[in-house]
Amino acid sequence: LQHGGRQTHMVFFLHIPFPTSQIFRELECGESILEGMLHADVVGFHAFDHGRHFLNATKRILGLSHESLVGGLIGVRHGKRVILVTMSNVSIETNLVDAALQQPVVQS
């Protein structure tokens, strides 16, 4: 996204538990919900289990793969983009996210 001549990044942080992929399989709009979340540059969760459910859902429902990135972050490959997935029980650690967003694999 461009805002005021500067590139901005969209962050989606879910403050509640993320359901298993089975829920998205049952929902008529389950695939659309996941696709919508993937418009963000960063998707964050409070707990590892919530992030794991998201990664499993994107793999099982959308057929996407994920990879380990520098700094312990995980990236979901969606088209030509890599969406960062973070797990933090308090908030998003902006210094780690900023560093990861500068990686060439994320910039493409």
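In this text the structure is predicted, and so the values were computed from the model without any measurement.

Enquirer: Kindly report on the packing of aromatic side chains, identifying the contributing residues and their values.
Expert: Enumeration according to the criterion identifies four aromatic pairs in this entry. An aromatic cluster of three or more residues is present, and its members are F18, F24, F45 and F54.

Enquirer: Can you explain helix α3 (residues 48-62)? Please cite residues and give values.
Expert: Two residues of an α-helix separated by three or four positions point the same way, owing to the 3.6 residues in each turn. Taking 1.5 Å as the rise per residue, α3 with 15 residues should run 21 Å; its terminal C-alpha atoms sit 20 Å apart, in good agreement. Within the sequence span of α3, burial applies to H50, G51, H53, F54, L55, A57, T58, I61 and L62. The secondary structure elements touched by the buried residues of α3 are α1 (21-26), α2 (30-37), β4 (42-45), β5 (65-68), β6 (74-78) and β7 (81-87).

Enquirer: So, the pattern of salt bridges: which residues are in play, and what are the values?
Expert: In the structure shown here, the tally under the stated rule is three salt bridges. The closest approach of N and O atoms between D41 and R81, which form a salt bridge, is 3.2 Å. Taken as a pair, D41 in the loop between α2 and β4 and R81 in strand β7 lie far apart in primary sequence, 40 residues in all. Its relative accessible area of 18% is what places D41 among the buried residues. With a shortest N-O distance of 3.1 Å, R52 and D49 are connected by a salt bridge. Residue R52 and its partner D49 are located together in helix α3, separated by three residues, close to a single helical turn.

Enquirer: Could you give an account of the sheet that holds β7, with specific residues and numbers?
Expert: Here we have five strands laid out as an open sheet, ordered β3-β4-β7-β6-β5, and mixed in their pairing. The strands lining the two open edges of the sheet, one partner per strand, are β3 (11-14) and β5. Going across the sheet, the axis of each strand differs from the next one's by a mean of 25°, ignoring polarity.

Enquirer: Can you break down the nonpolar core residue by residue, with the values?
Expert: Core analysis: the largest hydrophobic core is formed by 19 residues, its most contacted members being F18, L34, F45 and F54. Contributing elements (two or more residues each) for this core: α2, β4, α3, β6 and β7. It is α3 that provides the largest number of residues to this core, a total of five residues. When neighbours within four sequence positions are excluded, F45 is seen to be in contact with F13, L14, F18, M37, H50, G51, F54, V85, T86, M87 and S88. Counting residues in hydrophobic clusters, the runner-up holds nine residues, among them L84, V97, L101 and V106.

Cut-offs applied
- Residues numbered from 1 in each chain as written.
- Predicted model: local features only at pLDDT ≥ 70, side-chain atom pairs only at ≥ 80, totals over all residues.
- Heavy atoms only, no water.
- Phe/Tyr/Trp six-rings, centres within 6.5 Å; stacked < 30°, edge-to-face > 60°.
- Helix = DSSP H or I, 4+ residues; strand = E, 2+ residues; numbered from the N terminus.
- Expected span 1.5 Å × (residues − 1).
- Buried < 20%, exposed > 50% of the residue type's maximum accessible area, 1.4 Å probe, protein only.
- Contact = heavy atoms within 4.5 Å.
- Salt bridge = Lys/Arg side-chain N within 4 Å of Asp/Glu carboxyl O.
- Pairing = 2+ DSSP bridges.
- Axes fitted to C-alpha atoms, helices over the stretch in contact; angles between N-to-C directions.
- Core = buried A, V, L, I, M, F, W, Y, C linked by side-chain atoms within 4.5 Å.

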